[in-house]
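# Examination of the molecular architecture
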Amino acid sequence: MKLARTGILGAAMALGLAAAAEAQDVIRLKSGSEIKAKVTAMTSQSVTYSETGGKVSTAKREDVTSVDLGDKPPSLIKADQALAEGKFDRAINNYPGALEEIQQKKARDLHTQYVLFSWAQALNQKNSPNEALEMYRRLRNECKDCWLRPESFQRSLEIAKAKGGDAYENILKEMKTEPEPVGSQAELELAKIKFIAGDFDSARPMFDKISSNPASPFAGDAKLWSLRCIRGMKKMDELESACSRILGDKTAGTPGLLQAAGASLAEIQLKKSEKDKTKWRDILMICLQSIAQGPPSGKDEAEDYVLALMVGAKCYVLISNDAEKAEAKEEYKNRAIAYYKEVQRGFSKSSLAEAATKELVALGAEAPKDAPSKEPKNPK
């Protein structure tokens, strides 16, 4: 009887372990919860899984943070451990074995994308960027519409951008035919390349195409860059009209777009009304609202914030010069100096940093670069 009971208990434990093995995949959701189930299919847009009782469900990519597959190939476990320890050669030598184990049906085919992805990471960390890019491309060629496909593009972009040359643009051209959001991200970056090169005529229709796509999460960014193109092409009447329209419906614009529109409109109006002191404070208010949107996270894209600071500082200088009381003159002058110094120090690589320095010299806040030193000479 005792042996029978032991046998039954062992069988139950075996069944329990088998059930656990079948439900060891973990899908982590952006809501903070996680799903433990058996993943049955993965595409670039969704993951399908089977829960206890055979219920089949699908989670959209935008709702998922990560997917961890269980029952990994033994060699993948060894390789990833070596990678975590910084032993790149050992990791790289184990990834081919992991692929063989998948081919021998010792692990699911779904693991193939993870093997190739980690392999590419190891190559990149070993300072072999070309081989890493090729491995990410192999992942996309062999696994086609797989879960890690979008992430492989993002990692490829990071490597290609650091590598320089045509690699970055080539990755973007490969990306542009992908589903959203990858496709329009590539189109946006390709348009930016045209913009940075000064080819505003070519860049603008590319930005406009993205901004008119309701499915693109980059539509707002594209509107901002399209506005910058108009400014770059010096179409001032069109620019003023566009900025007024954007500021007239602030709920429809992103903070970046509102900042760009405010900075550009203030600059245009100040040039028209520099001698009309009745307009200065209204123009200053536009600047202040633009500045209030805050500096962007990347200083390389701070041109609108910097422009708002420069125009705002100019308004303060005009108001200071016109003020009758000495205290008011000093107060407005100091506000202008503060704005110019923020441009000079915080955005030294901006095209307007040199102009800010000249204004500081004109206001007596800084000595000219070629001014003689005021330090006393040592007696001989």
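Because the structure is a prediction, the values reported are computed rather than measured.

Looking now at helix 2 (residues 74–84). Among the residues making up helix 2, those that are buried are Ser75, Leu76, Ala79, Ala82 and Leu83. One face of helix 2 carries all of its buried residues, which in axial projection span an arc of 125°. Turned more than 90 degrees away from the buried face of helix 2, the exposed residues are Lys78 and Ala84. A positive backbone phi angle near 80° is found at Gly86, which sits one or two residues after helix 2.

Here we take up the packing of aromatic side chains. Tallied over the entire structure, the rule returns eight aromatic pairs. Pairing Phe195 with Trp225 gives two aromatic rings, centres 5.0 Å apart and planes at 85°, and the pair type is edge-to-face. Of this pair, Phe195 sits in helix 8 (residues 182–196) while Trp225 sits in helix 10 (residues 219–232); the two residues are 30 residues apart in sequence, bridging distant segments of the chain. The class for Trp225 is buried, based on a relative accessible area of 7%.

Turning our attention to the side chain of His111. One can find His111 in helix 4 (residues 111–125). In this view, His111 contacts Leu69, Gly70, Asp71, Lys72, Pro73, Leu76 and Ile102; residues no more than four positions away in its chain are not counted.

Before going further, it helps to spend a moment on the nonpolar core. In a soluble, globular protein the nonpolar side chains are often hidden away together inside. Within the largest apolar cluster, 53 residues are counted, with the highest numbers of intra-cluster contacts made by Ile27, Met42, Val47, Val67 and Tyr95. Looking at this core, the element that brings in the most residues is helix 4, giving eight residues. Once residues within four sequence positions are removed from consideration, Ile27 is found in contact with Ser33, Glu34, Ile35, Val39, Val47, Tyr49, Val64, Ser66 and Val67.

So, how was this worked out
Residues numbered from 1 in each chain as written. Predicted model: local features only at pLDDT ≥ 70, side-chain atom pairs only at ≥ 80, totals over all residues. Heavy atoms only, no water. Buried < 20%, exposed > 50% of the residue type's maximum accessible area, 1.4 Å probe, protein only. Helix = DSSP H or I, 4+ residues; strand = E, 2+ residues; numbered from the N terminus. Arc of directions from axis to C-beta. Phe/Tyr/Trp six-rings, centres within 6.5 Å; stacked < 30°, edge-to-face > 60°. Contact = heavy atoms within 4.5 Å. Core = buried A, V, L, I, M, F, W, Y, C linked by side-chain atoms within 4.5 Å.

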